[in-house]
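Descriptive structure summary
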Amino acid sequence: MTRVLRSWLYVPGHRAERVAKALVAGADAVVVDLEDAVPPDRKADARDAIAAAVAAVDTAAGDGPQVWVRVNDPEGPWGAADLDAVTGSGIAGVRLPRSADPDTVRRVAERTGLPLQLVIESAAGLTRAVELAAPHPLVVGIGLGEADLSADLRLVSDAGLDRARGWVVVAARAAGLPSPVQSVWTDVTDLEGLRASCERGRATGFVGRSVVHPRQIPVVHDVYTPTPDEVRRAAAVVRTADDARARGEVAVLDEHGRFVDPAVVAHARVVLDLAVPTGGDR
């Protein structure tokens, strides 16, 4: 089963001690940040952290978090050096900020040969979300950078992002991509607010969340991992469907009188895909 990454922990690349701590913080993925969290005069230091992060994680054995890198805008002053640094580095993939132009995405994919997650942070990018989701086979995900998007849209309330969130879910799934992960919850001390926001996110089609502090990871994992009861119910639906198919039927009532058809089965399989394999954490 493909591993579903629930938590994506951002860490400033120029802070070597923080990168080391992030790699053992329990996140499913660590995103070494070369962009917003790094001062201009420390960009080179941040790039140097990439090799050390990859070396510290036994990704081949699946024992540690995946290591991703958020590069700077490829069209900006640090973009070319960032792309040179990630190419051939052994990272799992690149988070590409300020994505708005499918041609730029194609150029980055062809230059790096790495899986790309696109971060949409502007109205221009949002209007092209469907195009951005499918310009190259190496695009493996799209999501929102909500702080920048809110500023660009001149929003005064979190509710103003609801339409954008729904649209990025639709764009991802229409392109056959995994459901997106939520943008960061910036109030690190407000874990109840984080939980409520994650619950809304899961209910509306997201499958995980970017985080900026290790204390946020357990909340994200708890919300985005199906409960044992959810897993049992989903497994029962699949068994009922398998038994029905063996009898030549595709729509039946289960033992509790619940209707089971291909759409219900598809949803059950989503739950099972999101479940942590035996031995994983909750």
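Summary of the structure given here. (Residues numbered from 1 in each chain as written. Predicted model: local features only at pLDDT ≥ 70, side-chain atom pairs only at ≥ 80, totals over all residues. Heavy atoms only, no water.)

**Brief notes about unusual backbone geometry**
Positive phi outside glycine occurs at R98, with the angle close to 55°. Of note, R98 is situated in the loop between strand 4 (93–96) and helix 4 (102–112). (Helix = DSSP H or I, 4+ residues; strand = E, 2+ residues; numbered from the N terminus.)

**Remarks on the side chain of S197**
Looking at the element boundaries, S197 is found in helix 9 (residues 191–203). Looking at S197, the relative accessible area reads 7%, which means it is buried. Leaving out residues up to four positions away in the same chain, S197 has contacts with Q182, W185 and R209. (Buried < 20%, exposed > 50% of the residue type's maximum accessible area, 1.4 Å probe, protein only. Contact = heavy atoms within 4.5 Å.)

**A few points about a nonpolar patch on the surface**
A cluster of nonpolar residues, V130, W167 and V170, forms a patch on the protein surface that exposes about 250 Å² of accessible area. Within the secondary structure layout, V170 lies in helix 8 (residues 162–174). (Patch = residues over 30% accessible without salt bridge, like charges linked within 9 Å, V, L, I, M, F, W, Y side chains within 5 Å. Areas by Shrake-Rupley, 256 points an atom, 1.4 Å probe, with all protein chains shown as cover. Salt bridge = Lys/Arg side-chain N within 4 Å of Asp/Glu carboxyl O.)

**A word on the nonpolar core**
Buried together is how nonpolar side chains tend to be arranged in soluble globular proteins. Judged by nonpolar contacts, the single largest core of 55 residues is most densely connected at V67, V69, V71, V86, I91, L118 and I142. Ignoring anything within four residues of it in the chain, the contact list for L118 reads L96, S99, V105, L132, V139, G141, I142 and G143. One finds A244, V260, V265 and V271 within the second-largest nonpolar core, a separate group that totals 10 residues. (Core = buried A, V, L, I, M, F, W, Y, C linked by side-chain atoms within 4.5 Å.)

**A closer look at helix 1 (residues 16–23)**
Every buried residue of helix 1 is accounted for by V19, A22 and L23. Take helix 1 and look down its axis: the buried residues cluster within an arc of 95°, on one side only. Contact partners of the buried residues in helix 1: strand 1 (7–12), strand 2 (29–33), helix 2 (43–56) and strand 3 (66–70). (Arc of directions from axis to C-beta.)

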